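So you can see what is in the structure, the chains are spelled out below.
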Amino acid sequence: MNDADLNQMLKRAASALPGAIPESMERSIMERVRSDEVREQRWRSFVHCLVGLAAVSGIVTAGMVCWSLAKRDRTHTTPPTMNLFREGLPK
């Protein structure tokens, strides 16, 4: 087989019409798709769990970041110096 034969065969395969699904098989497939509620419920519960876990992990992460930043903040550990009390000090 040479390149020309291979190209012709590939072109014929690409342009060929797909085989039709038998009528009885198509009917049973569509009936199963319409009535497959268990798979839909599993998928829906999986998506709900995934969204819930993402929300919980975001809240936990934000809480940890805020807590660590607040722990390192030294703004409120010592009271601010007031000029009223500094005026009486000797220079």
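Residues numbered from 1 in each chain as written. Predicted model: local features only at pLDDT ≥ 70, side-chain atom pairs only at ≥ 80, totals over all residues. Heavy atoms only, no water.

*Asks:* So what's going on with the overall build of the protein? Which residues, and what values?
*Replies:* A tally of regular secondary structure across the protein gives 4 helices and 0 strands. Going from the N terminus to the C terminus, the protein shows its helices and strands as α-α-α-α. For the protein, the residues scored as buried account for 0% of the 91 residues in total. (Helix = DSSP H or I, 4+ residues; strand = E, 2+ residues; numbered from the N terminus. Buried < 20%, exposed > 50% of the residue type's maximum accessible area, 1.4 Å probe, protein only.)

*Asks:* Please give an account of a nonpolar patch on the surface that cites residues and values.
*Replies:* Taken together, the side chains of Trp-43, Phe-46, Val-47, Leu-50 and Val-51 define a hydrophobic patch exposed on the protein surface, amounting to about 530 Å² of accessible area. The residue Val-51 is located in helix α3 (residues 37-72) in this model. Among the residues examined, Val-51 registers a relative accessible area of 55% and is labelled exposed. (Patch = residues over 30% accessible without salt bridge, like charges linked within 9 Å, V, L, I, M, F, W, Y side chains within 5 Å. Areas by Shrake-Rupley, 256 points an atom, 1.4 Å probe, with all protein chains shown as cover. Salt bridge = Lys/Arg side-chain N within 4 Å of Asp/Glu carboxyl O.)

*Asks:* Can you explain the packing of aromatic side chains? Please cite residues and give values.
*Replies:* For the structure on display, the rule yields 1 aromatic pair. Centre to centre, the rings of Trp-43 and Phe-46 are 5.8 Å apart; their planes meet at 35°, and the pair counts as tilted. Of the two residues, Trp-43 and Phe-46 both sit in helix α3, 3 residues apart, roughly one turn of that helix. Phe-46 gets classed as partly exposed once you look at its relative accessible area, which sits at 46%. (Phe/Tyr/Trp six-rings, centres within 6.5 Å; stacked < 30°, edge-to-face > 60°.)

*Asks:* Tell me what's going on with the pattern of salt bridges, and back it up with residues and numbers.
*Replies:* Pairs can form between side chains of opposite charge whenever their charged atoms are close. Overall, the coordinates contain 1 salt bridge when judged by the stated rule. Across the salt bridge formed by Arg-44 and Glu-40, the nearest N and O atoms sit 2.7 Å from each other. One end of the pair is Arg-44 and the other is Glu-40, both in helix α3 and 4 residues apart, which spans about a single turn. Using a relative accessible area of 45% as the deciding quantity, one classes Arg-44 as partly exposed.

*Asks:* Explain the confidence of the model for the protein residue by residue, including any values.
*Replies:* Scored by pLDDT, the protein comes out at a mean of 82, with 86% of its residues at no less than 70. Mean pLDDT values for the elements of the protein range from 67 in helix α4 (residues 83-86) up to 93 in α3. (pLDDT = per-residue confidence, 0-100.)

*Asks:* Now, about helix α1 (residues 3-15): what can you tell me, with residues and values included?
*Replies:* Under the 1.5 Å per step criterion, the end-to-end length of α1 is 18 Å for 13 residues, consistent within 8% with the ideal 18 Å. Burial analysis of α1 places just 0 of its 13 residues in the buried class, a small minority of the element. (Expected span 1.5 Å × (residues − 1).)

*Asks:* How would you explain helix α2 (residues 23-35) if you had to name every residue and give the values?
*Replies:* Taking 1.5 Å per residue, 13 residues should reach 18 Å; α2 reaches 18 Å between its end C-alpha atoms and fits that length. With 0 of 13 residues buried, α2 is to be regarded as a mostly surface element.

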